[in-house]
Amino acid sequence: MSVLAADALAHDRIELAHEIYGAGLEIDDLVEEFYRGQIQCHVARDQPSLAVTTYRRCQRALSNRLGVEPSQATTLLYLSAIRAAG
């Protein structure tokens, strides 16, 4: 599933990629790669506030259910979204 979304994202089909990542999160909201994909889509669509919201949703899910924090890759993507928000 994430391969299809990444391919769509790579070909500037941002809406499709966002939908695929969203479908993945509906199936399993603990897959961090799906959150990262959605964050990338939000950044590509110049929606940094939605990227931040998605990161926080990821953080809550991982913390509440697994007792862990998002990975460094996800956190760095989040920080770049914050910088983009200015």
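See the structure shown above.
Every value quoted in this text rests on a predicted model; they were computed, and no experiment measured them. Once a new chain begins, its residue numbering starts again from 1 and follows that chain's sequence as written. Per-residue local features are limited, in this predicted model, to residues with pLDDT of at least 70; the limit for side-chain atom pairs, both in listing and counting, is 80 or more; totals at the level of whole chains, interfaces and linings are taken over all residues. Working from all heavy atoms in the structure, the side-chain values ignore hydrogens and water.

**Some thoughts on the packing of aromatic side chains**
Here is step 1: Classification of ring pairs rests on two measures: the distance between centres of Phe, Tyr or Trp rings, Trp counted by its six-membered ring, which must be within 6.5 Å, and the angle between planes, read as stacked under 30 degrees, edge-to-face over 60 and tilted in between. Scanning the model with the defined rule gives 1 aromatic pair in all.
Here is step 2: Seen in terms of ring centroids, Tyr55 and Tyr78 are 3.9 Å apart; in terms of plane orientation they differ by 15°. Their pairing is stacked. Note that Tyr55 is positioned in helix α4 (residues 48-66) and Tyr78 in helix α5 (residues 72-85), a separation of 23 residues in sequence.
Here is step 3: The buried label applies to any residue whose accessible area, calculated with a 1.4 Å probe on protein chains only, is under 20% of its type's maximum; exposed applies above 50%, and partly exposed to all values in between. On the accessibility criterion, Tyr55 (6% relative accessible area) is buried. The helix and strand labels rest on DSSP assignments: H or I over at least four residues marks a helix, E over at least two residues marks a strand, and numbering proceeds from the N terminus.

**Some details on the packing of helix α3 (residues 32-44) against α4**
Here is step 1: Between N-to-C directions, angles cover 0 to 180 degrees, with each direction set by a line fitted to C-alpha atoms, over the stretch in contact for helices. Two elements in contact, α3 and α4, have axes separated by 7 Å at closest approach and are oriented at 170°. Considered as vectors, α3 and α4 are oriented roughly antiparallel to each other. For the pair formed by α3 and α4, the contact residues are Glu32, Tyr35, Gln38, Ile39, His42 and Val43 on the first element and Pro48, Leu50, Ala51, Thr54, Tyr55, Arg57, Cys58, Ala61 and Leu62 on the second.
Here is step 2: Three residue categories are used. Nonpolar comprises Ala, Val, Leu, Ile, Met, Phe, Trp, Tyr, Cys and Pro, charged comprises Asp, Glu, Lys and Arg, and polar comprises the others, including Gly. Residue composition of the contact of α3 with α4, grouped by class: 10 nonpolar, 3 polar and 2 charged. Working rule for angles: under 35 degrees goes down as roughly parallel, over 145 as roughly antiparallel, 65 to 115 as roughly perpendicular, anything else as oblique. Any two residues whose heavy atoms approach within 4.5 Å at even a single point are treated as in contact.

**So, the packing of helix α2 (residues 14-27) against α3**
Here is step 1: For the pair α2 and α3, the least separation of the axes is 9 Å and the interaxial angle reads 155°. By the criterion of interaxial angle, the relationship of α2 to α3 is roughly antiparallel. Judged by the twist between their axes, the crossing of α2 over α3 is left-handed. Across from Ile14, Ala17, His18, Tyr21, Gly22, Gly24 and Leu25 in α2, the residues of α3 making contact are Glu33, Phe34, Tyr35, Gly37, Gln38, Cys41, His42 and Ala44.
Here is step 2: Here the contact of α2 with α3 is composed, by residue class, of 8 nonpolar, 6 polar and 1 charged. Handedness of each helix crossing follows the sense of rotation of the near helix against the far helix: counterclockwise by less than a right angle gives left-handed, clockwise gives right-handed.

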